[in-house]
Amino acid sequence: MRSDGDLSQRGRQNVRSSSRKWPFHKGDKSFNSNGSQKDRASLTCPSHQSGENSSSCLPKKKESFEVLPSKNPRLRKEQNLVLLDEDESPVEDASEESEGSLHIETTEQADEFAECMIDAKIYYPSRVDPESVEICYTDINHLAPAAYLTSPIMNFYIRYLQLQASPTNRAIRDCHFFNTYFYSKLKEAVSHKGGDKDSFFIKFRRWWKGVNIFQKSYVLIPIHEDVHWSLVIICIPDKEDESGPIILHLDSLKLHCSLSIFSNIRSFLKEEWNYLKQEVSPSDLPIAERIWQHLPRRIDDRIIPVPQQKNDYDCGLFVLFFMERFMEEAPERLKKKDLAMFGKRWFRPEEASGLRIKIRNLLKKQFQISSAECCNSKSLTSPGGCSP
């Protein structure tokens, strides 16, 4: 350090930036808690060691150290740091400081928050929502690069898409979304043998209690088999179309056996038709009466050409993007001529792969919002702070 308070050339070179190595406390960074009510998740804070020194989930007060940019362009390019005592005044121009200052507490703050939330979980969109999704903070690890998406992640984004859909979009209002656990139960129900087959299917119908599948425009079913995700969309056409339901299968690797999936979905629709035909009048359905009377023979199926993933781990992201793009473009009721909306160039594969970062940021925001609300409401298990 020279007498004028500036670092020497050699001294600057020895203080290269590395936010993970500086032993400073985190900076003060408040979390956004102004999300809409429908997107606000409720946080469950497990017990933590109590005491006055218990760590807080909220950021600690920033220390009196500040990192300023160097005037030397070459040194700035190398991101060297100048440390000032709290009594020293920075000589750099204020505008330059605001443009070039580095906040070394950001990475440490994120790391400490992640460590603090390691055992936390939230219910999205809220604990009282009948279709809430339970997500642990550690589930975010499955959004790391080259990681496979798990059911909690898939179900979170499916629920998110439902809540974000425009209320004026009639096609979306008439959609029914099953979660990732449904298809395995469907296979059990349609393959069940024995004299209690009918009662077994009645118990299975609890999965869509109060919903008439044949009154919906679309039924979306994520498929998970053999460490791979694909998507089924059941389309119920308009009465004037004089056709039966169409089963679409979208697979970004062409890995799943479409014939087997079509057989299971057909059996599911046939069992539901057998159950409803004694209770539902054809006039209450969007399906033409002559089609309804012979529905099992009028079910069509199509393997849909879609953009293909460029690796073996983005299949879950592609299924979610299939849903998102379909919800944006689908007509109120699909006709066979509308199948032209699909194709190998429906979207760029990079768009689907890009969901990984988006979902990761959405989940982190939900945990931050829930953590802040947990602390603000003082619903804590420890007197020392917001300890998850």
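Owing to the predicted nature of the structure, the values given are computational and were not obtained by experimental measurement. (Residues numbered from 1 in each chain as written. Predicted model: local features only at pLDDT ≥ 70, side-chain atom pairs only at ≥ 80, totals over all residues. Heavy atoms only, no water.)

Enquirer: Where do I start with the sheet that holds strand β9 (residues 246-250) in this structure?
Expert: Two modes of strand pairing occur in sheets, parallel and antiparallel, and in both the strands are linked by backbone hydrogen bonds. Spatial ordering of the open sheet is given by β6-β7-β8-β9-β10, a layout of five strands whose pairing is mixed. Lying at the two open borders of the sheet, with one neighbouring strand each, are β6 (175-177) and β10 (300-304). The mean inter-strand angle of the sheet, taken between neighbouring strand axes irrespective of direction, is 20°. Strand direction decides the pairing type here: β9 and β10, joined by five bridges, are parallel. (Pairing = 2+ DSSP bridges. Helix = DSSP H or I, 4+ residues; strand = E, 2+ residues; numbered from the N terminus. Axes fitted to C-alpha atoms, helices over the stretch in contact; angles between N-to-C directions.)

Enquirer: Teacher, can you tell me more about the nonpolar core here?
Expert: Across soluble globular proteins, nonpolar side chains have a tendency to be buried as a group. The biggest cluster of nonpolar side chains holds 58 residues, and the ones touching the most others in it are L250 and I359. The element contributing the most residues to this core is helix α11 (residues 315-329), with 10 residues. Counting residues in each nonpolar core, the second largest holds 34 residues, with Y183, F204, I221 and I247 among its members. (Core = buried A, V, L, I, M, F, W, Y, C linked by side-chain atoms within 4.5 Å. Buried < 20%, exposed > 50% of the residue type's maximum accessible area, 1.4 Å probe, protein only.)

Enquirer: How should I be thinking about the layout of surface pockets in this particular structure?
Expert: The gaps left among the atoms become clear once a water-sized probe is rolled over them. In this structure, the largest pocket spans a volume of roughly 580 Å³. Considering the residues around the largest pocket, the lining is formed by 23 residues, among which E131, Q162, H176, F177 and F178 are closest to the centre. Residue assignment for the lining of the largest pocket shows that the elements contributing at least two residues are β5 (133-136), α5 (151-164), α6 (170-173) and β6. Considering each element in turn, the lining of the largest pocket owes the most residues, four residues, to α5. (1 Å grid on protein atoms, 1.4 Å probe; cavity = no way out; pocket = protein on both sides within 12 Å on 5 of 7 lines; lining within 4 Å. Points joined across faces, edges and corners; volume = space filled by probe spheres on them.)

Enquirer: How do you make sense of the packing of helix α8 (residues 197-204) against helix α9 (residues 258-276) when you look at a structure like this?
Expert: Each packed pair of helices is defined by two parameters, the angle between the axes and the distance between the axes. Viewed as axis vectors pointing N to C, α8 and α9 meet at an angle of 95°, and their least axial separation amounts to 11 Å. As the angle between them shows, α8 and α9 are arranged roughly perpendicular. Where α8 approaches α9, its residues K197, F201, I202 and F204 are matched on the opposing element by F268, E271, E272 and Y275. Partitioned by chemical class, the residues of the contact of α8 with α9 number five nonpolar, no polar and three charged. (Parallel < 35°, antiparallel > 145°, perpendicular 65-115°, else oblique. Contact = heavy atoms within 4.5 Å. Nonpolar A, V, L, I, M, F, W, Y, C, P; charged D, E, K, R; others polar.)

Enquirer: What am I meant to see in the side chain of S243 here?
Expert: Of note, S243 is situated in the loop between β8 (228-235) and β9. S243 sits in the buried class, given a relative accessible area of 11%. Looking at S243, its side chain comes within polar contact range of the side chain of D241, at 3.1 Å. For S243, the contacting residues outside a window of four places in its chain are P237 and I291. (Polar contact = N/O pair within 3.5 Å; in protein donor to acceptor, adjacent residues only side chain to side chain.)

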